[in-house]
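Observations on chain architecture
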Amino acid sequence: MLEFVNFPIAGNALPHWITAILWVVLAVGFMKLLMPKVVSKIECWTTKTSSSWDDAAAQALGTTRWVLIALIALSPASNELVLKPVVERWINGIALAALLLQIGLWTGSFLDSWSRSVRKQGMAVDPSATSALSMLSFLARAVLWSVLLLLMLSNLGFDVNTLVAGFGIGGIAIGLAVQNILGDLFASLSIVLDKPFQVGDFIVVDDFSGTVENIGLKATRVRSLSGEQLVFSNADLTKSRLRNYKLMEERRIAFKFGVTYSTSPDQLQAIPAMLKEIIEGLPNVRFDRAHFSGFGDSSLDFDVVYWMLNPEYGMYIDTQQAINLAMLRGFGERGVDFAFPTRTVILETPPPATLNLSPAT
């Protein structure tokens with residue numbers, strides 16, 4: 001029996017083979033039996049917390065693959081055996097590749113689950129940030145798998161230096177070919193991170209205005225007041241001077257009007273006080289000033305400034321209408337007339353000319 005136990009199989013005694021096999025069996029057994037219970041306990045614990053990190057971690061553990069765990073266990077199993085250097089190198093390379101692949105699955109699942117959770121929570125607060133988070137999550141996974149692929153190839157004995165150099169040259173060529181697209185891509189990141197505007201904001205760009213509907217990777221879509229959709233390149237938006245009315249806390253209103261030159265000084269002096277009384281009597285309004293500002297070609301001019309405490313355009317235009325109607329009533333009661341462009345033309349007939357018909361001497 002002792003001779004049978006110590007009989008070499010492929011250069012190794014039976015106990016060594018049994019020990020090596022146990023490494024794989026225990027690893028797979030832990031994976032199949034204990035891992036589901038561990039994940040279930042973690043998921044029960046995560047329901048009691050408000051953080052999204054632990055939920056993503058539990059989701060990531062659920063992506064563990066028993067085949068990869070078995071391949072990873074080949075590395076400690078091979079240490080129990082005496083193998084040829086080539087075989088041992090390949091076993092260690094396969095085990096490391098499986099480990100890297102499993103790390104990629106864990107990390108990729110974690111990033112995906114976490115980004116989805118954050119997007120869901122942030123949709124109501126900052127919709128534009130969700131698109132940037134999706135893009136950053138995609139870029140992070142792309143970089144992760146690229147690095148893991150290079151590490152796998154390197155540990156399997158492939159020369160990755162030439163491959164990396166080729167990727168570098170190819171990346172430069174592709175970058176030059178699609179530089180406009182890349183410019184819009186990075187402009188999108190700049191817009192989302194710097195937040196000059198967000199989805200739902202009303203913006204004015206040059207002669208165009210509307211409400212932001214979507215901030216994409218290449219273009220931003222704006223719904224204009226007349227109903228059509230305006231599409232702006234993200235790179236153009238970052239170079240433009242735009243006005244964001246959604247961020248307005250108060251709206252400053254300045255307007256002018258003129259009265260006729262027949263208005264008496266006492267009537268002119270009473271107009272600013274009347275305007276102040278009209279404006280201060282309206283809700284959500286702060287009066288600033290009203291002055292007799294100058295002499296126009298056909299009018300005596302006044303400047304009026306007030307602030308809307310609510311910046312909504314509809315409320316502003318309702319308030320301005322109320323002011324205009326109150327001015328018409330007040331001026332009518334006081335006998336003050338609004339001025340309009342007039343011009344007086346004076347026609348004068350010149351005196352008849354006297355002719356001297358006497359002969360010259």
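To keep things clear, this report deals only with the structure shown in the data block. Chains are numbered independently. Their residues run from 1 in the order of the written sequence. Confidence filtering applies because this is a predicted model: local features only for residues at pLDDT of at least 70, side-chain atom pairs given and counted only at 80 or more, and all residues used for totals across whole chains, interfaces and linings. As a convention, hydrogens and water are excluded, and side-chain values are obtained from all of the structure's heavy atoms.

**Considerations on the nonpolar core**
For the purposes of this section, nonpolar cores are sets of buried Ala, Val, Leu, Ile, Met, Phe, Trp, Tyr and Cys residues that join through side-chain atoms within 4.5 Å. Any residue under 20% of the maximum accessible area for its type is buried, any over 50% is exposed, and the rest in between are partly exposed; the area is computed with a 1.4 Å probe on protein chains only. Counting residues in hydrophobic clusters, the biggest one holds 23 residues, and the most contacted among them are Phe257, Val259, Ile271, Tyr306, Met327 and Phe331. Secondary structure counts use DSSP, requiring at least four H or I residues in a row for a helix and at least two E residues in a row for a strand, with both numbered from the N terminus. When contributions to this core are tallied by element, the ones reaching two or more residues are strand 6 (251-259), helix 10 (265-280), strand 7 (285-295), strand 8 (300-308) and helix 11 (313-334). Among the elements that line this core, the one with the most residues is helix 10, at six residues. Counting residues in hydrophobic clusters, the runner-up holds eleven residues, among them Ile191, Val192, Ile203 and Val212.

**Here's the deal with the packing of aromatic side chains**
The geometry of two aromatic rings is summed up by the distance between their centres and the angle between their planes. Stacked, tilted and edge-to-face are the three classes assigned to paired rings of Phe, Tyr and Trp, where Trp is represented by its six-membered ring and a pair needs centres within 6.5 Å; plane angles under 30 degrees give stacked, over 60 edge-to-face, the rest tilted. Scanning all chains against the criterion turns up eleven aromatic pairs. Seen in terms of ring centroids, phenylalanine 202 and tyrosine 245 are 6.0 Å apart; in terms of plane orientation they differ by 65°. Their pairing is edge-to-face. Remark: tyrosine 245 occurs in the loop between strand 5 (242-244) and strand 6 and phenylalanine 202 occurs in strand 1 (residues 202-205); sequence separation between them is 43 residues. Residue classification places phenylalanine 202 among the partly exposed residues on the basis of a relative accessible area of 25%. Judged by its relative accessible area of 26%, tyrosine 245 falls in the partly exposed class. Both rings, one in phenylalanine 292 and one in phenylalanine 295, keep their centres 5.4 Å apart while their planes meet at 75°; by these two values the pair is edge-to-face. For phenylalanine 295, a relative accessible area of 65% gives the class exposed. Joined through ring pairs, the aromatic side chains of Phe255, Phe257, Phe292, Phe295, Phe302, Tyr306, Phe331 and Phe338 make up one cluster.

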